[in-house]
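Examining the three-dimensional arrangement
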Amino acid sequence: MDWQEVSGNWILVPSRPTAIVHFLGGAFVAAAPQVTYRWLLENLARQGYAIVATPFVNTMDHTAIARQVLQNFIVAQDYLQTNVFKKRYQPVYGIGHSMGCKLHLLIGSLYPQERAGNILISFNNFPARRSIPLVEQFTQFSPAFAVEFVPSPEETNQLIERQYQVRRNLLIKFNNDDIDQTKDLTEALLNRFPDMTALKILKGSHLTPLGQEVGWQTGSIFTPLDAIGQLFKQEVYRDLNQLRDAILLWLNPLSVRS
């Protein structure tokens, strides 16, 4: 499998894909998701999921970003349907991390589209003054700097509560994540789709989905430093493997991971 660029998306297609995953990353790492989320996305592809990772650059207008990433994805989806699936129907799942969750929620609330489900990892919906430190600092000097995201956190919550269309959702929260707001989102989605919303709490932090392969090579003589390196590698993979397995199990409860 090799990553290829198609109309602003990075796509990765296994030999026999069974579904499409549309991936959106976090605010400051989303410009190159095929690099920053490489381990996770390539592991999902190995289990038969065609990956469409749509890059974006964060601005204050999150509605415009959501519209653009959806438009880019539709082009990639058409490409896959024509060249890979030969017009056969394939379910589409959204996976978002951090700000990527908000974008998937906006897409699911503002635009008619069919999704088999969404996986929302480490959701947060903070105002601009907390997400961008300079905004809060400048606001202290002049109200003119009191800008806010569009839609604001309050408006986003209202859209989700009233208009969100994707019925099946998995929310993932890490136990060492102090900027996560999954709890509030879980309550909103349980009110909307009580039988189709699941919450999974895993070990890890807000940065766990960004974990990469640790290429620690031991020397001809195994030293205490090698032991520390191997332990660190095991810890990194433990959290990543738990995340991967939780996603795969939810995508296909009957699957057996090879």
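To start, this report covers the structure provided alongside it. (Residues numbered from 1 in each chain as written. Predicted model: local features only at pLDDT ≥ 70, side-chain atom pairs only at ≥ 80, totals over all residues. Heavy atoms only, no water.)

1. Describing helix 2 (residues 38-46)
As a reminder, the rule being used: In this scheme, a residue with accessible area under 20% of its type's maximum is buried, one over 50% is exposed, and one in between is partly exposed, where area comes from a 1.4 Å probe on protein chains only. The helix and strand labels rest on DSSP assignments: H or I over at least four residues marks a helix, E over at least two residues marks a strand, and numbering proceeds from the N terminus.
For helix 2, the buried fraction is high: 7 of the 9 residues fall into the buried class. Buried residues of helix 2: Trp-39, Leu-40, Leu-41, Glu-42, Asn-43, Leu-44 and Ala-45, and no others. Two residues or fewer after helix 2 comes Gly-48, characterised by a positive phi angle close to 100°.

2. Comments concerning the environment of Asn-157
Threshold: Under this definition, polar contacts are N or O atom pairs within 3.5 Å; protein pairs additionally need one hydrogen-donor-capable and one acceptor-capable atom, and for neighbouring residues in sequence, both atoms have to be side-chain atoms.
Inspection of the secondary structure puts Asn-157 in helix 7 (residues 153-163). For Asn-157, a relative accessible area of 34% puts it in the partly exposed group. Along the backbone, Asn-157 and Ala-188 are 31 residues apart, and their C-alpha atoms lie at a distance of 8.1 Å. A distance of 3.3 Å separates the side chain of Asn-157 from the side chain of Asn-125, its partner in a polar contact.

3. With respect to the nonpolar core
Worth spelling out the cut-off: The definition of a nonpolar core used throughout is a set of buried Ala, Val, Leu, Ile, Met, Phe, Trp, Tyr and Cys residues joined through side-chain atoms within 4.5 Å.
Among the nonpolar cores identified, the biggest contains 31 residues, and Ile-51, Ile-95, Ile-119, Ile-121, Ile-172, Leu-243 and Ile-247 are the most heavily contacted of them. Looking at this core, the elements that each hand over two or more residues are strand 3 (19-24), helix 2, strand 4 (49-53), strand 5 (92-97), strand 6 (117-121), strand 7 (169-176) and helix 9 (224-251). Here the element with the most residues in this core is helix 9; it accounts for 8 residues. Counting residues in hydrophobic clusters, the runner-up holds 14 residues, among them Ala-30, Phe-56, Ile-65 and Tyr-111.

4. Things to note about the pattern of salt bridges
Filter applied, for reference: When a carboxyl oxygen of Asp or Glu is within 4 Å of a side-chain nitrogen of Lys or Arg, the pair counts as a salt bridge.
All chains considered together, the criterion is met by 6 salt bridges. Of the charged contacts, one joins Arg-38 and Glu-42 as a salt bridge, the two residues approaching to 3.0 Å between their closest N and O atoms. Residue Arg-38 and its partner Glu-42 are both found in helix 2; the two are separated by 4 residues, about one turn of the helix. Residue Arg-38 is classed as partly exposed on the basis of its relative accessible area, which comes to 46%. A relative accessible area of 14% places Glu-42 in the buried class. If you follow the salt bridges from partner to partner, you end up with Arg-38, Glu-42 and Arg-46 in one network.

5. Remarks on the packing of helix 7 against helix 8 (residues 182-192)
We count it as follows: Interaxial angles span 0 to 180 degrees and are taken between N-to-C directions of axes, which are lines fitted to C-alpha atoms, for helices over the stretch in contact. Here is the rule for angles: anything less than 35 degrees is roughly parallel, anything more than 145 is roughly antiparallel, 65 through 115 is roughly perpendicular, and the remaining ranges are oblique. In this scheme the handedness of a crossing depends on how the near helix is turned from the far one: anticlockwise by less than a right angle means left-handed, clockwise means right-handed. Residues are treated as being in contact if the distance between any of their heavy atoms lies within 4.5 Å. Under this grouping Gly is polar, as are all residues other than the nonpolar Ala, Val, Leu, Ile, Met, Phe, Trp, Tyr, Cys and Pro and the charged Asp, Glu, Lys and Arg.
With their axes 9 Å apart at the nearest point, helix 7 and helix 8 run at an angle of 20° to one another. By the angle class used here, helix 7 and helix 8 are roughly parallel. Seen along the crossing, helix 7 lies across helix 8 with a hand that is right-handed. Contact with helix 7, carried on its side by Ile-160, Glu-161, Arg-162 and Gln-163, involves Leu-185, Ala-188, Leu-189 and Arg-192 of helix 8 and no other residues of that element. Of the residues belonging to the contact of helix 7 with helix 8, the class tally is 4 nonpolar, 1 polar and 3 charged.

6. Re the sheet that holds strand 2 (residues 9-12)
Heads up, the rule is: Only strands joined by at least two bridges in the DSSP assignment are considered to pair.
Spatial ordering of the open sheet is given by 1-2-4-3-5-6-7-8, a layout of 8 strands whose pairing is mixed. Of all strands in the sheet, those bounded by a partner on one side alone are strand 1 (4-6) and strand 8 (197-205). Strand-to-strand, the axes of this sheet are offset by a mean angle of 25°, without reference to chain direction. Note: strand 5 against strand 6, 5 bridges, orientation parallel. Looking at the pairing, His-97 lines up with Ile-121 of strand 6. Lying over the sheet, helix 3 (residues 62-83) contacts strand 1, strand 2, strand 3, strand 4 and strand 5, oriented at roughly 155° with respect to strand 3. Contacts from helix 4 (residues 99-110) reach strand 3, strand 5 and strand 6, with the element oriented near 140° to strand 5.

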